[in-house]
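The primary structure of each chain is shown beneath.
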Amino acid sequence: MSPSKLDSTDSFGHEEASVSCSKPENGCVDSLSIFHSEKAVEELLQQTPVAGMDEHLIEFSEALRTVAKALRRAAEGKASAQAEAAEWKRRYELERTRNIQMEQKVSGNNNCEMLRHWWIRSSLDNAMDMLRIMLPCLFFWEVGKEQNKRIAEARMAEQFSAEKNGDLDCERVKNSDNQSMLQNESNEHSETGCMKHGIWSHEVLRDRESDSNSNADRNKIMRKASFKLSWWCNGENGDQHKHDIVSFERGNITTAERSSKQISLKWESDPQTVLILTKPNSVSVRILCVQMVRWLRERKKLNVYVEPRVKVELLAESSNFSYVQTWKDDSEISHLHMKVDLVITLGGDGTVLWAASMFKGPVPPIVPFSLGSLGFMTPFHSEHFKDCLDSVLRGPISITLRHRLLCRVVRDAAKNEYETEEPFLVLNEVTIDRGISSYLTNLECYCDNSFVTCVQGDGLILSTTSGSTAYSLAAGGSMVHPQVPGILFTPICPHSLSFRPLILPEHVTVRIMVPFNSRSPAWASFDGKDRKLLAAGDALLCSMAPWPVPTACQVDSTNDFLRSIHDGLHWNLRKTQSFDGPRDRDL
Ligand SMILES: NC(=O)c1ccc[n+]([C@@H]2O[C@H](COP(=O)([O-])OP(=O)(O)OC[C@H]3O[C@@H](n4cnc5c(N)ncnc54)[C@H](O)[C@@H]3O)[C@@H](O)[C@H]2O)c1
Ligand SMILES: Nc1ncnc2c1ncn2[C@@H]1O[C@H](COP(=O)(O)OP(=O)(O)OP(=O)(O)O)[C@@H](O)[C@H]1O
């Protein structure tokens, strides 16, 4: 039956009642006429003497009610979409005025002309694109925003590749007047980019590292030990780092062996500086830390860094520990990756998560010692710490490159999707849940431009494969080898029988949005910490981060993973069936 026209004639030959809905050009039914239609249907159904009539007529009247309800919902949806469109139009006008002002400012500035014009043009284009997408597609405004982001990303990629090819670099080198301006520009870039929130970008790291090399203080900074990574398989040890995943030689598609190989780390110069991170409030950890610091300093002649809290503890133990280094304020933590060759963790999985969270950019190799209850990521035993560290410092060692997720909260009021607050890098997962609210969460999920689903339940977990054995597992997700790149999409107590968990590929951006018709806000937490409120209209963007966490393996990543699920979870532990049984039944 067409929802746009409903005709009904009762079986007693009463006057025919006609309920029709006009269908305007944009394909949406008119809300007023729907309201009248629904009322008309209700009146018609009340007038109709249903009692005593045959079942078909009763079914028909029920169907009419359902259709009328659906039409009312469509009209309500349209009204809210129209309000959204008006809001977007307002934002566009604001953006346009701002850009015109910016254009006037830069008109006299030849040096930055190219870059700035690009920004202005792309912002205007983006806004225009956004309107073009928005206005005709009132119901799909979210998809429009996502497309716009893609366009902006593609343009940025073009811009950066042009910069890489030297187009802008030449300008930088030639024109000394440009230097200070470009410095500002690079600052601006890092401000608008990830560095604003303490998360590094490749660009920023390159600049910073070359700055620090040319710095007069260069000699004061300890040089890091260099190492190289190689991929090896079944005992065969190849030195070549394979970048290609697929080769197209002579039209034949072949997958490279990269994904099937273990990763091995070989020191090219001796490690000199070690950072020890410890779980707080544990006597056994404190005792081990004292022994380890002494051994590393006295036997291995290494520089040792610890957290300020631990330095206080060590000095309380003995004033001999004055050689131990630490940092005064948190801003110094952002430079640790340039000083530290190796990180040692003493604790459980939570301490490995803590260590990873300290590095907002590259992470030095981590050697995790197990002093917790489970220890999926902590394969080393503290009793043998000297042997373990000896072999790690000598190398080569197998490592697991654990992928991390970069999570950004985009508020409803944000001008674009790059205007985010405090990005988070998670090693396990980001969880979006109902917090203290007793209502179901209502979360709209998109994967790149595609609508995935609406989560109605307790929440959703976006997990790394390392986190697949943590909260995601408890919510029914698969366990995945940590070396597999991908994003696990695991619902928490979904109120639906058919909501199975998904595993998405590494290159996608997942967007979780709290819709305007949600009954309550949602809460995001990052590796079980830092809870953030997500109000209606806010979104969380999640993609694979460029900086993995290399953790040293006891044997290799597969052996360690299987051992952790056997020992930690007693995975598939079952008494073996006895040999004697009703075997003649099969004959
Ligand atoms: N229902 C659940 O299973 C549940 C609920 C909340 C949080 N968590 C997990 O706790 C993590 C935070 O850990 P924490 O130590 O700071 O908090 P915590 O001290 O509360 O420990 C939580 C437990 O999760 C285990 N765990 C952590 N990472 C793991 C991993 N990758 N694989 C297997 N087990 C893992 C820990 O060993 C610990 O037993 C979160 O990232 C989340 O995955 C799990
Ligand atoms: N260096 C640190 N500073 C502050 N907090 C830390 C540090 N290391 C670990 N934590 C926190 O301490 C808590 C407990 O740590 P961890 O999980 O390592 O120990 P555990 O609970 O005994 O081990 P398990 O989880 O295996 O039972 C975690 O919430 C973790 O975030």
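Further up the page is the structure itself.
Everything numeric here is computed off the predicted structure, so don't read it as measured data.

(A) The arrangement of the nonpolar core in detail. Counting residues in hydrophobic clusters, the biggest one holds 38 residues, and the most contacted among them are Ile 276, Met 292, Leu 296, Ile 344, Leu 346 and Phe 369. Here the element with the most residues in this core is helix α8 (residues 283–298); it accounts for eight residues. Excluding residues that lie within four positions of it along the chain, Leu 346 makes contacts with Ile 276, Leu 277, Thr 278, Lys 279, Val 285, Leu 288, Cys 289, Met 292, Thr 351, Phe 369 and Leu 371. Residues Leu 443, Leu 460, Ile 512 and Cys 542 belong to the second largest nonpolar core, which totals 28 residues.

(B) Examining the site of ligand 2 more closely. As a matter of local geometry, ligand 2 sits amid 15 residues, with Thr 278, Lys 279, Gly 348, Thr 351 and Ser 373 nearest to it. Contacts to ligand 2 include Glu 307, whose side-chain N or O atom sits 2.9 Å from a nitrogen atom. Contact between ligand 2 and Lys 529: an oxygen atom at 2.9 Å from a side-chain N or O atom of the residue. In the complex, 70% of the free accessible area of ligand 2, which totals 610 Å², lies under the protein chains.

(C) View of helix α9 (residues 308–317). By the burial criterion, the buried members of α9 are Val 310, Lys 311 and Leu 314. The buried residues of α9 occupy an angular sector of 105 degrees when projected down its axis, which confines them to one face. Exposed and facing more than 90 degrees away from the buried side of α9 are Val 312 and Ala 316. Buried-residue contacts for α9 involve β8 (273–278), α8 and β9 (303–306).

(D) A look at unusual backbone geometry. Cis geometry marks the peptide bond from Gly 395 to Pro 396; its omega dihedral reads -10 degrees. In this fold, Pro 396 is placed in the loop between α12 (385–394) and β13 (397–402). Although it is not a glycine, Asp 448 sits at a positive phi angle of roughly 50 degrees. As for its position among the elements, Asp 448 is in the loop between β17 (441–447) and β18 (450–463).

(E) Highlighting the site of ligand 1. What surrounds ligand 1 is a group of 16 residues, the closest being Asp 349, Phe 376, Asn 428, Glu 429 and Thr 469. A distance of 2.7 Å is found between a nitrogen atom of ligand 1 and a side-chain nitrogen or oxygen belonging to Thr 469. In isolation ligand 1 offers 770 Å² of accessible surface; the protein chains occlude 63% of this area. For the shell around ligand 1, the secondary-structure elements that each account for two or more residues are α11 (349–358) and α13 (471–474). The dominant element in the shell around ligand 1, judged by the number of residues it contributes, is α11, at three residues. Here the residues of the shell around ligand 1 sort into seven nonpolar, five polar and four charged. Structurally, the shell around ligand 1 is a two-domain feature, drawing no fewer than three residues from each of domain 3 (267–401) and domain 4 (405–547).

(F) Highlighting the environment of Arg 294. Take Arg 294: it is sitting in helix α8. We classify Arg 294 as partly exposed; its relative accessible area is 35%. Sequence separation between Arg 294 and Val 304 is 10 residues; the distance between their C-alpha atoms is 9.5 Å. In contact with Arg 294, not counting residues within four places along its chain, are Arg 299, Phe 321 and Tyr 323.

(G) The arrangement of the pairing of strand β21 (residues 510–513) in detail. Judged by which residues are buried, β21 turns out to be covered on both faces: Val 510 and Ile 512 on one side and Arg 511 and Met 513 on the other are all buried. Examined bridge by bridge, β17 and β21 share four bridges and lie antiparallel to one another. If you follow Glu 444 over to β21, its bridge partner there is Met 513. Both β21 and strand β24 (residues 539–544) contribute to a ladder of four bridges, which runs antiparallel. Across the sheet, the residue bridging to Met 513 is Ala 539, located in β24.

(H) Structural view of the packing of aromatic side chains. Per the stated rule, a full pass over the model turns up seven aromatic pairs. Between Phe 369 and Phe 380, the aromatic rings sit 5.8 Å apart at their centres with planes inclined by 50 degrees, giving tilted as the arrangement. With a gap of 11 residues between them, Phe 369 in strand β11 (residues 366–370) and Phe 380 in strand β12 (residues 380–381) connect regions that are remote in the sequence. On the accessibility criterion, Phe 380 (4% relative accessible area) is buried. Arranged with centres 5.6 Å apart and planes meeting at 70 degrees, the rings of Tyr 446 and Phe 451 form a pair that is edge-to-face. Classification of Phe 451 as partly exposed rests on a relative accessible area of 47%.

(I) Quick peek at α12. Residues of α12 that are buried: Phe 385, Cys 388, Leu 389, Val 392 and Leu 393. One face of α12 carries all of its buried residues, which in axial projection span an arc of 125 degrees. Summarising the geometry of α12, the exposed residues directed more than 90 degrees from the buried face are Asp 387 and Arg 394. Residues of α12 that are buried sit in contact with β7 (262–267), α8, β10 (342–347), β11, β12 and β13. After α12 finishes, the residue Gly 395 shows a positive phi value of roughly 70 degrees.

(J) Broad picture of the packing of α8 against α12. The contact between α8 and α12 brings their axes to 11 Å, and the two run at 45 degrees. One element, α8, and the other, α12, form an angle in the oblique class. In the crossing of α8 with α12, the sense of the turn from one axis to the other is right-handed. Touching Leu 288, Gln 291, Met 292, Trp 295 and Leu 296 of α8 are Phe 385, Lys 386, Leu 389, Asp 390 and Leu 393, all from α12. In the contact of α8 with α12, the residues fall into seven nonpolar, one polar and two charged.

Thresholds, definitions, all that
- Residues numbered from 1 in each chain as written.
- Chains lettered and ligands numbered in written order.
- Predicted model: local features only at pLDDT ≥ 70, side-chain atom pairs only at ≥ 80, totals over all residues.
- Heavy atoms only, no water.
- Core = buried A, V, L, I, M, F, W, Y, C linked by side-chain atoms within 4.5 Å.
- Buried < 20%, exposed > 50% of the residue type's maximum accessible area, 1.4 Å probe, protein only.
- Helix = DSSP H or I, 4+ residues; strand = E, 2+ residues; numbered from the N terminus.
- Contact = heavy atoms within 4.5 Å.
- Near = heavy atom within 4 Å.
- Polar contact = N/O pair within 3.5 Å; in protein donor to acceptor, adjacent residues only side chain to side chain.
- Areas by Shrake-Rupley, 256 points an atom, 1.4 Å probe, with all protein chains shown as cover.
- Arc of directions from axis to C-beta.
- Nonpolar A, V, L, I, M, F, W, Y, C, P; charged D, E, K, R; others polar.
- Domains from an automatic or database assignment.
- Pairing = 2+ DSSP bridges.
- Phe/Tyr/Trp six-rings, centres within 6.5 Å; stacked < 30°, edge-to-face > 60°.
- Axes fitted to C-alpha atoms, helices over the stretch in contact; angles between N-to-C directions.
- Parallel < 35°, antiparallel > 145°, perpendicular 65-115°, else oblique.
- Left-handed = near helix turned anticlockwise from the far one by under 90°.

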